[in-house]
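# Chains, contacts and geometry: an overview
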Amino acid sequence: MRIVVLTGAGLSAESGLKTFRDAGGLWEGQDVMQVATPEGFAADPERVHRFYNARRARAAAAAPNDAHRALARLQAEGRHEVTLVTQNVDGLLEAAGAEAIHMHGELAGALCAACGARWPAPEEMGPADACPSCGARAVRPDVVWFGEVPYRMEEIAAALERADLFAAIGTSGEVWPAAGFVEAAADAGAETVEINLEPTGRRGLFDRVITGRASEAVPAWVAELLG
Ligand code: APR
């Protein structure tokens, strides 16, 4: 079977990383528009760097949970062709041994807004840092902000078009374009399943809804597929 899995913040919640939409529109106490938009970065790069430096440190200290490990097993086992697409910017799927498409970028990466160079992010980034490639002081976290185009969309669209099974795991389905993947997969003839702590606002679009904690529900679902 060709399987496409989309993951969101709920996958890493039990590794101690906060989800986004559980705190009344605030994102770890910050206004999303100030810390996750190009305009917010232009207005106060210091604040935005501080925010991502803290998130990078928390992600680096976190460990994968049973849900990350189950997805890595599903991919490594090789019985199915598995494309993992994540909106998460932590590296916990990789830490579990999986290979994932990071459509929203990665905290572990730095990006030069002037020349497009990418390199591993240092622990602390700041507005005074110079790009190692062109020297411009336009260094930013390699994450995709609101109003920007997610990475590797053509590859993801191609995988959805060929999918027999699509699963959305630990994502509220409120952020586009990822929210539209279920319809793209269904249009292509895939069976669709949502695995989440609670049924989301998009539950009606899925053939099957599994409600539970990712660390329990995902290993059980993977066991079904490998059974
Ligand atoms: N197991 C399964 N699901 C969980 C768990 C858990 N232990 N804990 C929380 N959830 C669910 C929540 O119920 C919620 O529906 O995970 C979902 C997380 O939703 P969001 O916080 O909206 O995160 P996500 O969908 O990944 O956000 C998408 O928005 O802020 C941007 O770029 C950011 O990638 C992010 C995007």
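These figures come from a predicted structure and were not determined experimentally. (Residues numbered from 1 in each chain as written. Predicted model: local features only at pLDDT ≥ 70, side-chain atom pairs only at ≥ 80, totals over all residues.)

## Things to note about the site of the ligand
Close to the ligand lie 22 residues; Gly8, Gly10, Thr19, Gln87 and Ser172 are nearest. Formed jointly, the shell around the ligand draws a minimum of three residues from each of two domains, domain 1 (1-17 + 64-104 + 150-227) and domain 2 (19-61 + 107-143). (Near = placed C-beta within 6 Å. Domains from an automatic or database assignment.)

## Some points on the sheet that holds strand β6 (residues 105-112)
Spatial strand order, β7-β6-β8: 3 strands in an open sheet with antiparallel pairing. The open sheet terminates on both sides in strands that have one partner only, identified here as β7 (118-120) and β8 (139-143). Taking each pair of neighbouring strands and ignoring which way they run, the sheet shows an average axis angle of 45°. With 4 bridges connecting them, β6 and β8 associate as antiparallel partners. Across the sheet, Leu111 pairs through a bridge with Arg140, a residue of β8. (Pairing = 2+ DSSP bridges. Helix = DSSP H or I, 4+ residues; strand = E, 2+ residues; numbered from the N terminus. Axes fitted to C-alpha atoms, helices over the stretch in contact; angles between N-to-C directions.)

## Here we look at the environment of Val82
Inspection of the secondary structure assignment puts Val82 in strand β4 (residues 81-86). Among residues more than four places away in sequence, those in contact with Val82 are Ile3, Val5, Leu74 and Gln75. (Contact = placed C-beta atoms within 7 Å.)

## So, unusual backbone geometry
Of note, the amide linkage connecting Trp176 to Pro177 takes the cis form, showing an omega dihedral of 5°. Position of Pro177 among the secondary structure elements: in the loop between β9 (165-169) and α8 (181-187). Look at Arg152: it is not a glycine, yet its phi comes out positive at around 60°. By the secondary structure assignment, Arg152 is in the loop between β8 and α7 (153-161). Under the C-beta neighbour-count criterion, Arg152 is labelled partly exposed, with 13 such atoms within 10 Å. (Buried ≥ 20, exposed ≤ 12 C-beta atoms within 10 Å, placed from the backbone.)

## Things to note about the sheet that holds strand β10 (residues 191-196)
Reading across from one edge, β5-β4-β1-β9-β10-β11 is the order of the 6 strands in this open sheet, with parallel pairing throughout. Whereas interior strands pair on both sides, the edge strands pair on one side only; in this sheet they are β5 (100-102) and β11 (208-211). The mean angle between the axes of side-by-side strands here comes to 20°, regardless of whether they run parallel or antiparallel. Pairing geometry for strand β1 (residues 2-7) and β9, over 5 bridges, is parallel. By the bridge assignment for β9, Leu6 is matched with Ala168. Seen against the sheet, helix α9 (residues 214-226) touches β9, β10 and β11 and runs at an angle of roughly 150° to β10.

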